Amino acid sequence: MTPVLLVLNAGSSSLKFQVFTLGDSEEPQRLFRGLFEGLRGAPHLRIRDRTGTTVADEDFGSDGAFGHEDALLHVAAWMRAHSGGFDLVAVGHRIVHGGMTYCEPVRVTAEVLEALERLVPLAPLHQPHNLEPIRIFRRRFPDLPQVACFDTAFHAGQPEIARLFALPHAMIEGGVRRYGFHGLSYAYIASVLAEYDPALAAGRVVVAHLGNGASLCALNRGASVATTMGFSALDGLPMGTRCGSLDAGIVFYMLREMKLGPAEAERMLYTQSGLLGVSGISNDMRTLRRVAAREPDARRAIDLFVYRIGRELGSLVAALGGIDALIFTAGIGENDAATRAEVLRGAAWAGFELDDAANASGGPRVTRGPGPTAWVIPTDEELMIARGTRAVLSRPRSSRPQPAL
Ligand code: ADP
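Summary of the structure given here.

Parameters and conventions
Residues numbered from 1 in each chain as written. Predicted model: local features only at pLDDT ≥ 70, side-chain atom pairs only at ≥ 80, totals over all residues. Heavy atoms only, no water. Core = buried A, V, L, I, M, F, W, Y, C linked by side-chain atoms within 4.5 Å. Buried < 20%, exposed > 50% of the residue type's maximum accessible area, 1.4 Å probe, protein only. Helix = DSSP H or I, 4+ residues; strand = E, 2+ residues; numbered from the N terminus. Contact = heavy atoms within 4.5 Å. Near = heavy atom within 4 Å. Polar contact = N/O pair within 3.5 Å; in protein donor to acceptor, adjacent residues only side chain to side chain. Areas by Shrake-Rupley, 256 points an atom, 1.4 Å probe, with all protein chains shown as cover. Pairing = 2+ DSSP bridges. Axes fitted to C-alpha atoms, helices over the stretch in contact; angles between N-to-C directions. 1 Å grid on protein atoms, 1.4 Å probe; cavity = no way out; pocket = protein on both sides within 12 Å on 5 of 7 lines; lining within 4 Å. Points joined across faces, edges and corners; volume = space filled by probe spheres on them. Nonpolar A, V, L, I, M, F, W, Y, C, P; charged D, E, K, R; others polar. Parallel < 35°, antiparallel > 145°, perpendicular 65-115°, else oblique. Left-handed = near helix turned anticlockwise from the far one by under 90°.

In this section: the nonpolar core. Proteins that are soluble and globular tend to have nonpolar side chains buried together. Ranked by internal contacts, the top residues of the largest apolar core, which has 42 residues, are Leu 210 and Leu 326. Counting residues per element, this core draws most heavily on helix 12 (residues 296-320), which supplies ten residues. When near neighbours in sequence (up to four residues on either side) are disregarded, Leu 210 contacts Leu 237, Phe 305, Ile 309, Phe 328, Thr 329, Ala 330, Gly 331, Ile 332, Gly 333 and Thr 339. Residues Leu 5, Cys 149, Val 207 and Leu 219 belong to the second largest nonpolar core, which totals 31 residues.

Taken together, 13 residues sit near the ligand, with Asn 212, Asp 284, Met 285, Arg 286 and Gly 331 positioned nearest. One of the backbone nitrogen or oxygen atoms of Gly 213 is found 3.5 Å away from an oxygen atom of the ligand. Contact with the protein chains hides 71% of the accessible area of the ligand, taken as 580 Å² for the molecule alone. Elements represented by at least two residues in the shell around the ligand include exactly helix 11 (285-291) and helix 13 (330-335).

What the five strands build is an open sheet, ordered 11-10-9-12-13; its pairing is mixed. A strand with exactly one partner marks an edge of an open sheet, and here the two such strands are strand 11 (223-227) and strand 13 (373-376). Averaged over neighbouring strand pairs, the angle between their axes works out to 25° when direction is ignored. Lying on the sheet, helix 6 (residues 183-196) is in contact with strand 9 (204-210), strand 10 (214-220), strand 11, strand 12 (325-329) and strand 13; it crosses strand 10 at an angle near 50°.

Here we take up the layout of surface pockets. Roughly 710 Å³ of volume is contained in the second largest pocket. Forming the boundary of the second largest pocket are 20 residues, of which Ser 232, Leu 234, Ala 248, Val 251 and Leu 269 lie nearest the centre. Those elements giving two or more residues to the lining of the second largest pocket turn out to be helix 8 (248-256) and helix 9 (262-271). Among the elements that take part in the lining of the second largest pocket, helix 9 stands out by supplying five residues, more than any other. Here the residues of the lining of the second largest pocket are counted per class, giving 15 nonpolar, three polar and two charged.

Bringing the packing of helix 1 (residues 68-81) against helix 3 (residues 127-140) into the picture now. The geometry of helix 1 relative to helix 3 is characterised by a closest axis approach of 10 Å and an angle of 60° between their N-to-C directions. In terms of orientation, helix 1 lies oblique with respect to helix 3. For helix 1 against helix 3, the interelement crossing comes out right-handed. Residues His 68, Glu 69, Leu 72 and Leu 73 of helix 1 form the contact with helix 3, whose own contacting residues are Glu 132, Pro 133, Ile 136, Phe 137, Arg 139 and Arg 140. Residues that form the contact of helix 1 with helix 3 fall into these classes: five nonpolar, one polar and four charged.

Laid out in structure tokens, this is it:
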């Protein structure tokens, strides 16, 4: 029996999971990647092995009855039944918000879970879904160690000035400050910079995590010193469906003049804005690129996305006092050569010189010349969760976990 870790990333209607081996010394090795989509609708599960071969491809009816708990139990049963069998020794969870308390991965206890539930108002559209599988596993498999890994933790060491809002003192002390997100992605990128070029690990680098959620992070010698997301995952760049930075006056306008309730306003800013809102067509960059030549609103949404990346990049270059490299990662950053080209052309002022051929073929280096460099580096948030979970399990005070499934 192989001891394995289950890594979970739970959303409102989806459950991404990966299975890693848990060797004693070496890096966790990925065995499977799975995705449940359409939970509480018409769920579909696909699992691929490490070669990319599909090993499970199933539908679960369309009566809306099959939810997160069913999905988790199905994954557990699948792991138990799979040839050779696995000892599931722990579960690592992606948790969007760790607040001011949790600056590194932590083993989940009743007290930790309660503290994470108190952070729901800070990430209302993500945190509840992240926490639900923890509760389910605690109920179903109470002896199974669970570890929470936080998207905020990587930014905890930022200088205080970078984390402050100019708000009344009591609000700041009450926790209304910049936390920053996508930290698991940035931590992974920071951990591999030296493999691409040792100078990157020692330099001033901006990482552009451009996926459905999008943010930029300034790294100085691999440490986060500033980032575009703030108190919530709504700040900074426009995203697939989120608005990004917004004049706070607009929120009062929505409440007072448009007569929206807080929940409605929140839904509009989180789920009906960004690329989807501006284009009126799609939140998906592939779709927008396909129709941009004939749909001016799609072109406008892309142009705004690129323009805002340029503006925020300038701000982070100022925070770093210069820039040695720009890294593109996540769905758009890794795959959309056109976005990379547009961003780099707009950043020619900083000395970036696009290498068209290298960019078209995906890099890794996509610039030439003596100026700052730009790179495409695939992110791996799940591996960071596996690493974090393993580190917590191997802390001396914790006893060796027993197989629980
Ligand atoms: P999430 O934040 O949900 O993990 P991803 O990192 O998977 O998101 O990024 C999703 C975004 O990446 C979508 O806008 C999608 O259109 C875009 N994307 C993925 N592949 C490509 C591609 N080949 N070309 C352009 N955009 C792409």
